Amino acid sequence: MMLIYNTLTKKKEEFIPKNSPNVTMYVCGPTIYDYFHIGNARSFVMSDIVRRYLEYKNFDVKFVMNLTDVDDKLIKKANEENVPVEQVAEKYADAFFEDIEKLGIKKATVYPKATEHMQDIVDLIKNLVDTDYAYNVDGNVFYNVNKFKGYGKLSGKNIDDLESGARIEINEEKKNPLDFSLWKKAKPNEPAWESPWGKGRPGWHIECSAMSMKHLGETIDIHAGGNDLIFPHHENEIAQSEACCTNEFVKYWIHFGFLNLNQEKMSKSLGNFFTAREILKEHSANSIRYLFSQTHYSGPLNFSKELLESSEKGLEKIYNLVQRIENIKPSMADNLNTFENERYLFAFESAMDDNFNTPQALASIYDFIRDFNKFLNKNDQVAKNDIIKAKDFLTKTLTDVLGIVLFSTEEKGESKEDDLIKLLIEIRQKAKLDKNYSLADEIRNKLSELGITLADSKEGTTYKISK
RNA sequence: GGCGGCGUGGCCAAGUGGCUAAGGCGAAGGUCUGCAAAACCUUUAUUCAUCGGUUCGAAUCCGAUCGCCGCCUCCA
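Conventions we followed
Residues numbered from 1 in each chain as written. Chains lettered and ligands numbered in written order. Predicted model: local features only at pLDDT ≥ 70, side-chain atom pairs only at ≥ 80, totals over all residues. Heavy atoms only, no water. Helix = DSSP H or I, 4+ residues; strand = E, 2+ residues; numbered from the N terminus. Contact = heavy atoms within 4.5 Å. Areas by Shrake-Rupley, 256 points an atom, 1.4 Å probe, with all protein chains shown as cover. Lys, Arg positive; Asp, Glu negative; His and termini not counted. Charge placed at Lys NZ, Arg CZ, Asp CG, Glu CD. Domains from an automatic or database assignment. Buried area = accessible area lost by both parts, 1.4 Å probe. Salt bridge = Lys/Arg side-chain N within 4 Å of Asp/Glu carboxyl O. Polar contact = N/O pair within 3.5 Å; in protein donor to acceptor, adjacent residues only side chain to side chain. Phe/Tyr/Trp six-rings, centres within 6.5 Å; stacked < 30°, edge-to-face > 60°. Buried < 20%, exposed > 50% of the residue type's maximum accessible area, 1.4 Å probe, protein only. Pairing = 2+ DSSP bridges. Axes fitted to C-alpha atoms, helices over the stretch in contact; angles between N-to-C directions. Patch = residues over 30% accessible without salt bridge, like charges linked within 9 Å, V, L, I, M, F, W, Y side chains within 5 Å. Disulfide = S-S within 2.5 Å. pLDDT = per-residue confidence, 0-100.

Some thoughts on the overall build of chain A
- The number of helices and strands found in chain A is 15 helices and 15 strands.
- Along the longest, intermediate and shortest principal axes, the C-alpha atoms of chain A span 95 × 50 × 35 Å.
- For chain A, long-range pairs separated by at least 24 residues make up 75% of all intrachain contacts whose partners lie at least 6 apart in sequence.
- Total accessible area on chain A stands at roughly 23,000 Å², and carbon and sulfur atoms take up 49% of it.
- Both charge centroids of chain A, one from 62 positive and one from 73 negative side chains, sit 3 Å from each other.

Given below as structure tokens:
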């Protein structure tokens, strides 16, 4: 049984999809006006882990992530650079796909774009206007918040409190200051589409409702996104979708905590951010994913390069065991001691089942690593089956679920460089047999200066090339 | 002003009513090794922001206080 914390009910609930084993999942994707930052990456990676774990549990996940390709920021950027909006959108959509691929994020089933769903969006607004949930004021269409009785149920706010808040912009056209735009009347030099209310473009919230329902149906299982989307974005999505089409838009709402920099939310508007591609130049996707997995998805994560470096040290321990496993020659002997690894997988799954508790899941992996190393230390001969099982455990947990790649699937090309290193290892081996340790050490030291680390073990001498 | 979250060892971080408070990084000592590296072992929180309360029993529940952060405006 899996538990998921549902923002809507503020409780952990048993996960029961509408049409098991099918699961529908929608994640709010990027507005493609710039490179995304490492805080955005956290949401993308964590939703990827949620999806991967569901697939691990044999659910058939239909995963949709939208790209917002028309909005104020995009238009602003296009004007600044004096290029068409589509060109900006295309550039950053390409960059987005490049970056998420580097981060090891599995491809979504569909990446719908707002501009490709204008008819669906217009139809949805039309429906809301016809039923009085929305009203048209001179080409601007607003959602009538007072009409929807569930307004505020996701964010725990009530309309009166919100109205007394001082930060709502004054707009004479709105009946209620909280009413939000569904359709924005075209201004000069802006992309615009035909509609029953005249030329214009959609408001931000409506696209997600339209695309979610279009691709996944009127009730979906999981909708995920950052904490900052709870209000108003997700609240408004509920209002739109449930007013028109369904009495339950989303079964489970999942929200990710912020990534902070110096205890402050990382955001474009504050200017305190690193882009994901910037970080990826110096750090691997593995270390980023490991870092994210070390903290529960719902809480804040105070990001720093030092933290990333300590994650890299933690990963080293995993890599070392992986290399050790790959170098073992399995024994065919009978009566070998065997290693039971079931309990580690059980612990891993229990942690993940409990609202995707990745830090605890990692702890179960480290317990395995310690105990399996101990097992290898104690036993000179190891059965093939134990090696296969160990590899299987690491692949399932770290790679399949957390997306940390360990065993390279491509054939290891033996380059001249490798041959050369092997030659030096041979020479050094002879020196060691002659007890010529100064030569042996010199070879090791010189190689180390070149970034090639030798390590002697009972399985022979191995080497690692660092970049 | 309204609503919400957080405060656990040097750092990061699980745990949210009951065995000795997971795990990672770091540090110290040790085993192994020709020496290293790796691995393993031991040590590193009588204590969970502070003060009260409930309870047979609390880091976990309640109240107060202090500190930090977020949402209420575009934002993952």
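From this point, things continue past the structure.
Structural notes on the domain arrangement of chain A
- Per the domain assignment, the segments making up chain A are domain 1 (3–293), domain 2 (314–401) and domain 3 (416–465).
- Across the contact, nine residues belong to domain 2 and five residues belong to domain 3.
- Interface area, domain 2 with domain 3, both sides summed: about 530 Å², of which 33% is carbon and sulfur.
- Sorting the residues of domain 2 by area buried against domain 3 places Gln323, Arg324 and Asn327 first, and these three jointly supply 57% of that buried surface.
- At the junction of domain 2 and domain 3, the tally comes to one salt bridge.
- Lys464 is the partner of Glu316 in a salt bridge, and the nearest nitrogen-oxygen pair spans 3.4 Å.
- In this structure, the connection of domain 2 to domain 3 is made through three residue pairs in polar contact (both at pLDDT 80 or more).
- Put simply, the parts of the chain that give the side of domain 2 that touches domain 3 at least two residues each are α10 (305–327) and α12 (358–378).

Thoughts on the packing of aromatic side chains
- Under the counting rule described, the total for this entry stands at 28 aromatic pairs.
- Ring centres of Phe36 and Phe96 lie 5.8 Å apart, and the angle between their planes is 65°; on these two criteria the pair is classed as edge-to-face. Here Phe96 lies in helix α3 (residues 85–102) and Phe36 lies in the loop between β3 (22–27) and α1 (38–56), a separation of 60 residues in the sequence. Here Phe36 and Phe96 have matching classes, each one buried.
- With centroids separated by 5.6 Å and ring planes inclined at 85°, the aromatic side chains of Phe44 and Phe96 adopt a geometry described as edge-to-face. Taken as a pair, Phe44 in helix α1 and Phe96 in helix α3 lie far apart in primary sequence, 52 residues in all.
- Judged by relative accessible area, Phe44 falls into the buried class, the value being 6%.
- Taken together, the aromatic side chains of Phe339, Tyr344, Phe368, Phe372, Phe375 and Phe393 make up a single cluster linked through ring pairs.

Regarding the sheet that holds strand β5 (residues 134–137)
- In space, the four strands of this open sheet follow the order β5-β6-β7-β8, with antiparallel pairing throughout. Strands with a single pairing partner mark the edges of an open sheet, and in this sheet they are β5 and β8 (200–202). Across the sheet, the mean angle from the axis of one strand to that of its neighbour is 20°, orientation sign disregarded.
- Pairing of β5 with strand β6 (residues 140–143) involves four bridges; the strand directions are antiparallel. Note that in β6 the partner of Ala134 across the bridge is Tyr143.

Examining a nonpolar patch on the surface
- A grouping of Leu420, Leu423, Ile427 and Leu439 is seen on the molecular surface, where their side chains present a nonpolar patch of about 340 Å² in accessible area.
- No other element matches the three residues that helix α14 (residues 416–433) contributes to the nonpolar patch.
- Of note, Leu420 is situated in helix α14.

Thoughts on the sheet that holds strand β9 (residues 220–226)
- Strand order in the open sheet formed by four strands is β4-β3-β9-β10, and the pairing between neighbours is parallel. A strand with exactly one partner marks an edge of an open sheet, and here the two such strands are β4 (60–65) and β10 (250–256). For this sheet the average axis-to-axis angle between neighbouring strands, irrespective of direction, equals 20°.
- Where β3 meets β9, three bridges bridge the pair, whose relative direction is parallel. Residue pairing across strands places Met25 opposite Ile222, the latter belonging to β9.

Quick notes on the pairing of strand β15 (residues 460–465)
- Bridge count between strand β14 (residues 452–457) and β15: six bridges; the pairing is antiparallel. Following the sheet pairing, Asp456 is matched in β15 by Thr461.
- Here β14 folds back onto β15 in antiparallel fashion, the turn holding two residues.

A few points about the state of the cysteines
- Following the criterion strictly, the structure yields one disulfide and no others.
- At a sulfur-sulfur separation of 1.8 Å, the disulfide partner of Cys244 is Cys245. Handedness of the Cys244-Cys245 disulfide follows from its S-S torsion of about -85°: it is left-handed.
- The exposure class assigned to Cys244 is buried, which follows from its relative accessible area of 17%.
- Cys28 carries a free sulfur, and the closest cysteine sulfur to it, the one in Cys208, is 4.1 Å from it.
- Judged by its relative accessible area of 10%, Cys28 is buried.
- A relative accessible area of 1% places Cys208 in the buried class.

Some details on the confidence of the model for chain A
- Residue-level pLDDT values for chain A average 92, and 97% of them are 70 or greater.
- When mean pLDDT is compared element by element in chain A, β4 scores highest at 98, while helix α5 (residues 159–164) scores lowest at 75.

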